[in-house]
Amino acid sequence: MSRPVVLGAGPAGSVAALLLARGGADPILIDRDAEVGDAICGGFLSWRTAQALRALGCDPARLGAPAVCRLRLFAGESSAEAALPETAYGLSRRALDGALRQLAVESGAQLEIARVRGLEDGAVIGEDRRWESPAIFLATGKHDLRGEARPRSDGDLALGLRVRLPAGAGIGRLIGDAIELHLFPGGYAGIVLQEDGSANVCLALRKSALAEEGGKPWDLLQGVARGNPAFAQRLACGDSDLPIDTIGAVPYGWIARDTREGLYRLGDQAAVIPSLAGEGMAIALASGRAAARAFLQGEGARAYQRRFARQAVRPVKVAERLWHVAEAPLGARAMTAASRLVPGLAGLAMRLSRI
Ligand SMILES: Cc1cc2nc3c(=O)[nH]c(=O)nc-3n(C[C@H](O)[C@H](O)[C@H](O)COP(=O)(O)OP(=O)(O)OC[C@H]3O[C@@H](n4cnc5c(N)ncnc54)[C@H](O)[C@@H]3O)c2cc1C
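Bear in mind the structure is a predicted one, so any value in this text is a computation, not a measurement.

Caption draft 1: Layout of the overall build of the protein chain. If you tally the helices and strands in the protein chain, you get eleven helices and 16 strands. Taking 2.2 N^0.38 as the reference for a compact globule, 355 residues should give roughly 20 Å; the C-alpha atoms of the protein chain span a radius of gyration of 20 Å, in line with that estimate. Along the first, second and third principal axes, the C-alpha set of the protein chain runs to 60 × 45 × 40 Å. Per-residue burial for the protein chain yields a buried fraction of 55% across its 355 residues. For the protein chain, the proportion of contacts with a sequence separation of at least 24, taken over those separated by at least 6, is 72%. Roughly 14700 Å² of accessible area belongs to the protein chain as shown, and the carbon and sulfur atoms make up 51% of that amount.

If you want it as structure tokens, here you go:
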């Protein structure tokens, strides 16, 4: 049997590679970065993500991830709090991706560092070499390969922005064991503590919201703080010198309904759930596991892809609705008030947006 080739050693690719290796398929895992980076992400591992990780032998608590037990919602002056259905965690992507990549290699996957430029029928094209394989697992996440790009809408695109507030008693006390969502017109900011005690502040917002602040990320954060006193209090734990990372044109809501034989699409290349739900990594892990299993059982890529798309529809659609309500000024306040007044409502929304 020719060796399967996995493109991208993010959560989806590493999990597919480690399960292929454990199944005796001798995979090659390719990533462009020799050193694991700290991808722009909310750094929130849902309880479903945590369960999937433990099943693979990667316990977030052992990686030092602080437990997250409650959701705190803010919209302007109003707020609400709800218990999470089960314990979740806060963990940086450097720690998570590093642990999964290491597990894949320890399981027998052959890691190669190369930037992939594109695909041809049955072949992966790198900058200075090619890999022939009848089974290619596309897990390049946020980054599209030439010829394989996911469609972009023409509207007001979504972008991500991340800043880390350094560890300190002040921010530690404010956030505690919560995942906070601060809703504002055109987007939201999620805040959760990470394994080093820092607070990961990650925003998903419309491009127009950044444009209104002259395209300056720190001015945007200050603008959000002006209308949201709780966010202002948290932002005051950092200063304007902190590095701010951004990522553009996130195709929230996109699902790969089909593929061609020999090409398994995983993670963000299979379905992009609005990040407000904090379920992107669970989708990455679930797709990596399902695709590896399909390959090992001799099931074709198209059958896998169609099945996974059906599985992803409900969480992605529910998360899309929540994101649209949350980004509208009245919707955000109504959502916060409803979570406060109707016990169990936030828990239901959280459950429905899980894979
Ligand atoms: C703003 C924002 C906040 C988010 N917050 C959360 C959250 O809190 N919780 C959560 O569960 N999800 C969150 N998500 C979603 C989550 O980040 C993604 O769903 C997840 O990273 C998808 O994993 P992946 O393995 O598919 O891709 P990625 O994590 O993007 O990994 C792709 C890998 O492929 C490699 N690669 C890319 N192109 C090439 C190439 N040409 N050649 C070789 N290698 C390549 C990269 O180096 C990388 O290692 C968030 C997303 C956004 C945009």
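Caption draft 2: Looking closely at the site of the ligand. Residues in contact with the ligand amount to 33 residues; listed here are only the nearest, Asp31, Gly42, Phe44, Arg93 and Asp268. In the model, a nitrogen atom of the ligand is placed 3.1 Å from a nitrogen or oxygen of the Arg32 main chain. In isolation the ligand has 1000 Å² of accessible area, and contact with the protein removes 94% of it. Broken down by secondary-structure element, the contributors of at least two residues to the shell around the ligand are α1 (11-22) and α8 (280-296). Sorting elements by how many residues they give to the shell around the ligand places α8 first, with three residues. The residue inventory of the shell around the ligand, partitioned by class, reads 13 nonpolar, twelve polar and eight charged.

Caption draft 3: Summary view of the packing of α1 against α8. Between α1 and α8, the shortest axis-to-axis distance is 8 Å and the interhelical angle comes to 30°. As judged from the angle between their axes, α1 and α8 are roughly parallel. Every pair of crossing elements has a handedness; the one defined by α1 and α8 is right-handed. Between α1 and α8, the residues in contact are Pro11, Ala12, Val15, Ala16, Leu19 and Leu20 and Met281, Ala284, Leu285, Ser287, Gly288, Arg289, Ala292, Phe295 and Leu296, respectively. Residue composition of the contact of α1 with α8, by class: twelve nonpolar, two polar and one charged.

Caption draft 4: Quick peek at a positive patch on the surface. The grouping of Arg48, Arg289, Arg293 and Arg314 at the surface amounts to a positive patch. By the element assignment, Arg293 lies in helix α8. For Arg293, a relative accessible area of 49% gives the class partly exposed.

Caption draft 5: Highlighting the sheet that holds strand β16 (residues 263-265). A sheet is described by the order of its strands in space; here five strands give the open sequence β6-β2-β1-β10-β16, paired in parallel fashion. In this open sheet, the two edge strands, each paired with only one partner strand, are β6 (110-113) and β16. For this sheet the average axis-to-axis angle between neighbouring strands, irrespective of direction, equals 20°. Across three bridges, strand β1 (residues 5-7) lies against strand β2 (residues 28-31) in parallel orientation. By the bridge assignment, Leu7 is partnered in β2 with Ile30.

Caption draft 6: A look at the pattern of salt bridges. Scanning the entire structure with this criterion turns up 24 salt bridges. A salt bridge links Glu132 to Arg130, with the shortest nitrogen-to-oxygen separation between them at 3.0 Å. Residue class for Glu132 comes out exposed when judged on its relative accessible area of 52%. Assessed through its relative accessible area of 39%, Arg130 is described here as partly exposed.

Caption draft 7: A look at the environment of Ser353. Relative to the assigned elements, Ser353 resides in the segment after α11 (345-352). C-alpha of Ser353 to C-alpha of Ala99: the two residues are 254 residues apart in sequence and 26 Å apart in space. Setting aside anything within four residues of it in sequence, one finds Ser353 in contact with Ile273, Ala277, Glu279, Arg314, Pro315, Val318 and Ala319. Reaching out from Ser353, the side chain makes a polar contact with the side chain of Arg354 at a distance of 3.2 Å.

Calculation criteria
Residues numbered from 1 in each chain as written. Predicted model: local features only at pLDDT ≥ 70, side-chain atom pairs only at ≥ 80, totals over all residues. Heavy atoms only, no water. Helix = DSSP H or I, 4+ residues; strand = E, 2+ residues; numbered from the N terminus. Rg over C-alpha atoms; globule rule 2.2 N^0.38 Å. Buried < 20%, exposed > 50% of the residue type's maximum accessible area, 1.4 Å probe, protein only. Contact = heavy atoms within 4.5 Å. Areas by Shrake-Rupley, 256 points an atom, 1.4 Å probe, with all protein chains shown as cover. Near = heavy atom within 4 Å. Polar contact = N/O pair within 3.5 Å; in protein donor to acceptor, adjacent residues only side chain to side chain. Nonpolar A, V, L, I, M, F, W, Y, C, P; charged D, E, K, R; others polar. Axes fitted to C-alpha atoms, helices over the stretch in contact; angles between N-to-C directions. Parallel < 35°, antiparallel > 145°, perpendicular 65-115°, else oblique. Left-handed = near helix turned anticlockwise from the far one by under 90°. Patch = residues over 30% accessible without salt bridge, like charges linked within 9 Å, V, L, I, M, F, W, Y side chains within 5 Å. Salt bridge = Lys/Arg side-chain N within 4 Å of Asp/Glu carboxyl O. Lys, Arg positive; Asp, Glu negative; His and termini not counted. Charge placed at Lys NZ, Arg CZ, Asp CG, Glu CD. Pairing = 2+ DSSP bridges.

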